[in-house]
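Summary of structural features
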There are 2 protein chains.
Amino acid sequence: MTRHFNFCAGPAALPTAVLERARDEMLDYRGHGLSVMEMSHRSAEYVAIAEKAEADLRELLAIPANYRVLFTQGGATQQFAAVPFNLLGSGGTANFVDTGIWSRKAIAESRHLFGDARVAASSEASGNTRVPQQGEIELSHDASYLHVTANETIGGLAFDYTPRGVRPDGVEVPLVCDMSSSILSGPLDVSRYGVIYAGAQKNIGPAGLVVVIVRDDLLERARPDMPTLFGYKTLAEGGSMVNTPATYSWYLAGLVFEWLRHDIGGLPAMEAINARKAAKLYAAIDGSELYSNPIAPANRSRMNVPFVLADERLDKPFLAEAEQAGLLNLKGHRSVGGMRASLYNAVPEAAVDALIDFMADFENRKG
Amino acid sequence: MTRHFNFCAGPAALPTAVLERARDEMLDYRGHGLSVMEMSHRSAEYVAIAEKAEADLRELLAIPANYRVLFTQGGATQQFAAVPFNLLGSGGTANFVDTGIWSRKAIAESRHLFGDARVAASSEASGNTRVPQQGEIELSHDASYLHVTANETIGGLAFDYTPRGVRPDGVEVPLVCDMSSSILSGPLDVSRYGVIYAGAQKNIGPAGLVVVIVRDDLLERARPDMPTLFGYKTLAEGGSMVNTPATYSWYLAGLVFEWLRHDIGGLPAMEAINARKAAKLYAAIDGSELYSNPIAPANRSRMNVPFVLADERLDKPFLAEAEQAGLLNLKGHRSVGGMRASLYNAVPEAAVDALIDFMADFENRKG
């Protein structure tokens, strides 16, 4: 068995310790005589797994008691529709900060469904190299919430502050955040948010699961014409078991939460490792002649590090040799090209060291 | 390691051979150096897994070329919303045959979203013991499709024929079928259907995956106000990768399809085994004084066999002793009580034999 270093942007690397445990429990979960996949979601054994996962997540993120945690399906993309359905019931307009491709997908879905959507600030003029500052965010008079993308997975652009959504009349609206590619990378003040959602396939677990954290006063704002399964209130009241949830993915998420708590030692420890990994790689990029990253230093993502080679004819040999060296999935997103190294929680520091060594060696030989 | 016999209605038993393979491939998929869970859904290795799964499913069900196969999320319950969004774009009314709890959920969601929904026939007058015959199905003048539930998982009531949806003006409308708990239990004439959908967690794979089989001329009937991810046309054009799909569940479904093709020998062989399993258990029930099942023999489900004990004070000891004997998840659905033995594809004939022996022994001692 070989485990290569996997820099995939998602579905992404999972901790080897988590996969080993899933493997060992695959046919017989702790003497119960069946796989977790084969358990009724209503059984005592499974409910214990599900509740433990939620409790560990609450502990990790210090989620206040007035927030509900939902485990649902359809990826962040489905939340692009579910959020306006849940929050536009009393009218008003969805407001967005546009920081790149994922923000724009959220904006497009909101417009597709409900016509109106305001871009309250955009990174576009900067070529998506800089996140708008608080003073640049201009909400509409009828803003009902402000949506931001904490970390743009494709662009490698991340907020370095928690924005506030303040209308011209001074009223602050709930902050909704797509945190798919940065959740659990460090501690978080959940109380600053109205809704946080995150597709699992970066820092939580396997693709197909979405975690939503919603402040309970926002459960009453839904449009009545909403598909039942989109409903945060319905999901909250049904313990995310309105219908059969993605039970195995939820279990794996629980194993990841346990790993974060017990193997890593919690989110402050995880953040320190992530900061070190990212700092090393950006330093290597900035110190080279061959590699470059255009993002404003304060807004550089710790999770997704895109970079280009000075000569794009070197892209193919770079990727081929990297793969030969056991460094997988470094190709940038098809919409932007170049390279991207995703440094999620499960990517060990040794992987970053190996990548930096490879990049230096490649530059010496070809640069 | 122990593997008990698992009669769960879903998430249900999976073939031991499939779980063994998933276990062995968990940390390193066939020398690629990573888990299937960690693969980019756009990578060559993963696309090969996804395409092989679809090809095997097409082979098993002899799916005609003018049908698209979609791998999506949210369970059959999400399809209760997605179907009317996809098929009511040119107006008209959804028509339903009501055969029990799952039919009624589909009817309720259609009504919730779009107001109108016609019950073209119902099993309710028979106490849900008999499926309406073709002659009893009366569509509305403006019917746009007829929806049926092939097998009612809770009631144990199954169609013994493929209905047709014919309007009073003689026009035949597409047949839409929730096949969650009976798909792949035997051969199927897909060409009689417009849309087939099935939650995976009975005969396909783990919970969280839904398979939709849709005739391609029906891709053009969607309502414009549909959430993007519900769209059959969008999913078909994007190869079910509009956003990140439930990659690991899709892979496991592929392992189940391979098992059906190669270990079982295809759906005619699977059907023969399923017929034998069900016939044995119903014979044991009918031949006893203690156990009974009220369903009309022609409409008895081969997949879900509900039965009650003549004295319900025996329910608790029955379940406790069954579990002691390694016979798991025999409790009936909380909405109806009693017992239910689900005999999906992965439940081996030996499990049914063991259950029958246990039931006879229990009756001798307590009956």
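Residues numbered from 1 in each chain as written. Chains lettered and ligands numbered in written order. Predicted model: local features only at pLDDT ≥ 70, side-chain atom pairs only at ≥ 80, totals over all residues. Heavy atoms only, no water.

1. Digging into the UniProt feature "binding site: L-glutamate" (unreviewed entry) in chain A
Those residues carrying the UniProt feature "binding site: L-glutamate" (unreviewed entry) are A:Arg42 in this numbering. Here A:Arg42 is to be found in the loop between α1 (16–24) and α2 (44–61). With residues up to four places along the chain from it excluded, the contact list for A:Arg42 reads A:Val47, A:Met241 and B:Arg334. (UniProt positions renumbered as here; feature names shortened; annotations may be inferred. Helix = DSSP H or I, 4+ residues; strand = E, 2+ residues; numbered from the N terminus. Contact = heavy atoms within 4.5 Å.)

2. As for the UniProt feature "domain: Aminotransferase class V" (unreviewed entry) in chain A
UniProt feature "domain: Aminotransferase class V" (unreviewed entry): in the numbering of this structure it lies at residues 5–355 of chain A. Split by type, residues 5–355 of chain A is 33% helix and 18% strand. Its first and last C-alpha atoms lie 9 Å apart.

3. With respect to the interface of chain A and chain B
Taken residue by residue, the interface counts 60 residues in chain A and 60 residues in chain B. Contact between chain A and chain B buries roughly 4,700 Å² in total, counting both sides, with carbon and sulfur atoms accounting for 58%. By the criterion of area lost to chain B, the three top residues of chain A are A:Leu27, A:Met37 and A:Glu38, representing 15% of everything that side buries. Linking chain A to chain B there are 2 salt bridges. Salt-bridge contacts for A:Arg3 lead to B:Glu38; the nearest nitrogen and oxygen are separated by 2.6 Å. At the junction of chain A with chain B, the criterion picks out 23 residue pairs in polar contact (both at pLDDT 80 or more). Every element with two or more residues in the side of chain A that touches chain B is listed here: α1, α3 (75–87), α4 (101–114) and α6 (247–264) of chain A. Tallied by class, the residues present in the side of chain A that touches chain B amount to 28 nonpolar, 23 polar and 9 charged. (Buried area = accessible area lost by both parts, 1.4 Å probe. Salt bridge = Lys/Arg side-chain N within 4 Å of Asp/Glu carboxyl O. Polar contact = N/O pair within 3.5 Å; in protein donor to acceptor, adjacent residues only side chain to side chain. Nonpolar A, V, L, I, M, F, W, Y, C, P; charged D, E, K, R; others polar.)

4. A closer look at helix α4 (residues 101–114) of chain B
All names here are of chain B. An ideal rise of 1.5 Å per residue puts 20 Å on 14 residues; α4 measures up with 20 Å between its terminal C-alpha atoms. Residues of α4 that are buried include every one of Ser103, Ala106, Ile107, Glu109, Ser110, Leu113 and Phe114, and no others. Buried positions in α4, seen along its axis, are confined to an arc of 165° and lie on one side of it. Against the buried residues of α4 lie α3 (75–87), β3 (93–98), β4 (117–122), β5 (143–149) and β6 (151–152). After α4 finishes, the residue Gly115 shows a positive phi value of roughly 75°. (Expected span 1.5 Å × (residues − 1). Buried < 20%, exposed > 50% of the residue type's maximum accessible area, 1.4 Å probe, protein only. Arc of directions from axis to C-beta.)

5. Description of the domain arrangement of chain A
Residue and element names in this part refer to chain A. Each assigned domain of chain A is listed here: domain 1 (17–262) and domain 2 (266–366). For domain 1 and domain 2, the distance between their C-alpha centroids amounts to 27 Å. In this assembly, 27 residues from domain 1 lie in contact with 24 residues from domain 2. Across the domain 1/domain 2 interface, buried area totals approximately 1,900 Å², and carbon plus sulfur atoms make up 58% of it. Our count for the domain 1 to domain 2 interface comes out at 0 salt bridges. Scanning the region where domain 1 abuts domain 2 turns up 12 residue pairs in polar contact (both at pLDDT 80 or more). Sorting elements by how many residues they give to the side of domain 1 that touches domain 2 places α6 first, with 3 residues. (Domains from an automatic or database assignment.)

6. A closer look at the packing of aromatic side chains
Counting across every chain of the model gives 32 aromatic pairs over all chains. Judged by centre distance (5.9 Å) and plane angle (35°), the ring pair of A:Phe358 and A:Phe362 falls under tilted. Highlighted residues: A:Phe358 and A:Phe362, both in helix α9 (residues 349–366), separated by 4 residues, approximately one helical turn. By relative accessible area, which is 9% here, A:Phe358 ends up buried. With relative accessibility at 0%, the residue A:Phe362 sits in the buried group. Between B:Phe80 and B:Trp102, the aromatic rings sit 6.4 Å apart at their centres with planes inclined by 50°, giving tilted as the arrangement. Remark: B:Trp102 occurs in helix α4 and B:Phe80 occurs in helix α3; sequence separation between them is 22 residues. Look at B:Phe80 and you get buried, because its relative accessible area is 4%. (Phe/Tyr/Trp six-rings, centres within 6.5 Å; stacked < 30°, edge-to-face > 60°.)

7. Quick word on the relation of the copies chain A and chain B
The pair of chain copies shares a relation made of a rotation about an axis and a shift along it. Note on the identical chains: chain A maps onto chain B by a rotation of 180° and an axial translation of 0.0 Å, with an RMSD of 0.0 Å. Between the two chains, the operation in question is that of a two-fold axis. Taking C-alpha positions as the reference, the residue of chain A nearest the rotation axis is A:Arg23, at 2.4 Å. Here 100% of the interface residues in chain A have copies in chain B that are interface residues too; the copies meet face to matching face. (Least-squares fit on C-alpha atoms with pLDDT ≥ 70 in both.)

8. So, the environment of B:Val308
Residues and elements named next belong to chain B. You can see Val308 is positioned in strand β14 (residues 304–309). Take Val308: its relative accessible area is 41%, and that puts it in the partly exposed class. Sequence spacing of Val308 and Gly338 is 30 residues, and the spatial spacing of their C-alpha atoms is 4.8 Å.

9. Examining the pairing of strand β16 (residues 339–342) of chain B
All names here are of chain B. Every second residue of β16 is oriented toward a common face, with Met339 and Ala341 on one face and Arg340 and Ser342 on the other, all of them buried. Where β14 meets β16, 4 bridges bridge the pair, whose relative direction is antiparallel. By the bridge assignment, Val305 is partnered in β16 with Ala341. (Pairing = 2+ DSSP bridges.)

10. Structural notes on the side chain of A:His147
Residue and element names in this part refer to chain A. Take His147: it is sitting in strand β5 (residues 143–149). The exposure class of His147 is buried, given its relative accessible area of 2%. There is a polar contact of 2.7 Å between the side chain of His147 and the side chain of Tyr197. Setting aside chain neighbours within four positions, we find His147 in contact with Asn95, Phe96, Val97, Ala106, Val176, Asp178 and Tyr197.

11. Details of the nonpolar core
With 129 residues, the main nonpolar core has A:Tyr248 and B:Tyr248 as its most contacted residues. Sequence-distant contacts of A:Tyr248, defined by excluding residues within four places in its chain, comprise A:Ala22, A:Met26, A:Val36, A:Met37, B:Met26, B:Met37 and B:Tyr248. The next biggest cluster of nonpolar side chains, apart from the first, holds 59 residues, and it includes A:Ala117, A:Val195, B:Val83 and B:Val210. (Core = buried A, V, L, I, M, F, W, Y, C linked by side-chain atoms within 4.5 Å.)

12. With respect to the sheet that holds β14(B)
All names here are of chain B. Reading across the sheet, the 3 strands line up as β13-β14-β16 and stay open at both edges, with antiparallel pairing between neighbours. Every interior strand has two partners, whereas the edge strands, β13 (291–292) and β16, have only one. Here 2 bridges tie β13 to β14, and the two strands are oriented antiparallel to one another. Among the inter-strand pairings, Ser292 is bridged to a residue of β14, identified as Val308.

13. A short note on the pairing of strand β10 (residues 175–178) of chain B
Residues and elements named next belong to chain B. A two-sided burial pattern is seen for β10, the buried positions comprising Leu175 and Cys177 on one face and Val176 and Asp178 on the other. Both β5 and β10 contribute to a ladder of 4 bridges, which runs parallel. Its bridge partner lying in β10, Val148 is registered against Cys177.

14. Observations regarding the environment of A:Ser240
Residue and element names in this part refer to chain A. Residue position: Ser240 is located in the loop between α5 (232–237) and α6. Through-space distance from the C-alpha of Ser240 to that of Thr72 is 6.6 Å; in sequence the pair is 168 residues apart. Once you skip the residues sitting within four places of it in the chain, Ser240 turns out to touch Val69, Leu70, Phe71, Leu235, Pro245 and Trp250.

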